[in-house]
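The primary structure of each chain is shown beneath.
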Amino acid sequence: MLGFAHPALALSCLKPDAVRSYIEANASEDRWGAVVGRLDFDESRLPPAVSDGGHDDVELRAQLVGNSLGVDGFEDPFQGHVTLRIQCFGSWCGHPDSGRQYLVFIKRENGRHIAISDPCESWLFPEPRRKTLDALQRCFRGGYCQPEDDD
C-alpha cells in the first residue's frame, strides 16, 4: 500500500492571451503599459518553477530595453530598471529566462515599474508574434479587441 504525504494538486490556468491581459489591465484602476524588449536579470535568484511547498513572491532587479506601446505601435523607446516580481501560486512559480525577448505588461506601483511573472504566464509573453503585437495596437487605438478563441 502506498501513502502520499501531500494531496495531489494541479495548477489550472487559462490559455495565455496577451489581448486578455490587455483588457484586464485596461479595466484596472492601476496604471499599466506594455513593452516589447529584452529582459535581463540574475536567474540565480529565481525560486524553483515547481517545489514541494509554497513560496512567497520574489522581487528581482531587472533591466528592460525595447519599445513601449503607443498610438503608432511599439515604437516608443523604453530603457530602464524594472522590478521583476516572481509570483508563486501554491507550489508553482513564474520562471522567465534572462536575455530573452518578451512582451511585458508593466504595472506602475509606488513609483516603480513592475513586471510580473506568474506560473500562468499572464503578464509576460516570450517571443511575441507580430500578429499579437498588431492586435494590441488595435486595442490601444480603440479598435477590435477580443482574446483569441480557445481551441
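Everything quoted here is computed from the prediction, not taken from an experiment.

A. Inspection of the side chain of Q137 at higher detail. Along the chain, the position of Q137 falls in helix α2 (residues 130–140). A polar atom in the side chain of Q137 sits 3.3 Å from the backbone oxygen of V71. The contact partners of Q137, leaving out residues within four places of it in the chain, are L69, V71, D72 and G73.

B. Seen up close, the layout of surface pockets. Roughly 460 Å³ of volume is contained in the largest pocket. Along the wall of the largest pocket there are 21 residues; nearest its centre are D17, A18, R129, T132 and E148. Listing elements by their share of the lining of the largest pocket, those giving two or more residues are α1 (18–27), β8 (124–126) and α2. If one sorts the elements of the lining of the largest pocket by residue count, α2 sits on top with 5 residues. Its residues assigned to classes, the lining of the largest pocket shows 10 nonpolar, 2 polar and 9 charged.

C. Structural context of α2. Those residues of α2 that fall on the buried side of the exposure criterion are T132, L133, A135, L136, Q137 and C139. For α2, the secondary structure elements touched by its buried residues are α1, β1 (31–41), β2 (58–70), β3 (73–86) and β6 (100–109).

Thresholds, definitions, all that
- Residues numbered from 1 in each chain as written.
- Predicted model: local features only at pLDDT ≥ 70, side-chain atom pairs only at ≥ 80, totals over all residues.
- Heavy atoms only, no water.
- Helix = DSSP H or I, 4+ residues; strand = E, 2+ residues; numbered from the N terminus.
- Polar contact = N/O pair within 3.5 Å; in protein donor to acceptor, adjacent residues only side chain to side chain.
- Contact = heavy atoms within 4.5 Å.
- 1 Å grid on protein atoms, 1.4 Å probe; cavity = no way out; pocket = protein on both sides within 12 Å on 5 of 7 lines; lining within 4 Å.
- Points joined across faces, edges and corners; volume = space filled by probe spheres on them.
- Nonpolar A, V, L, I, M, F, W, Y, C, P; charged D, E, K, R; others polar.
- Buried < 20%, exposed > 50% of the residue type's maximum accessible area, 1.4 Å probe, protein only.

Bear in mind that shape data such as this cannot, by itself, settle questions of function.
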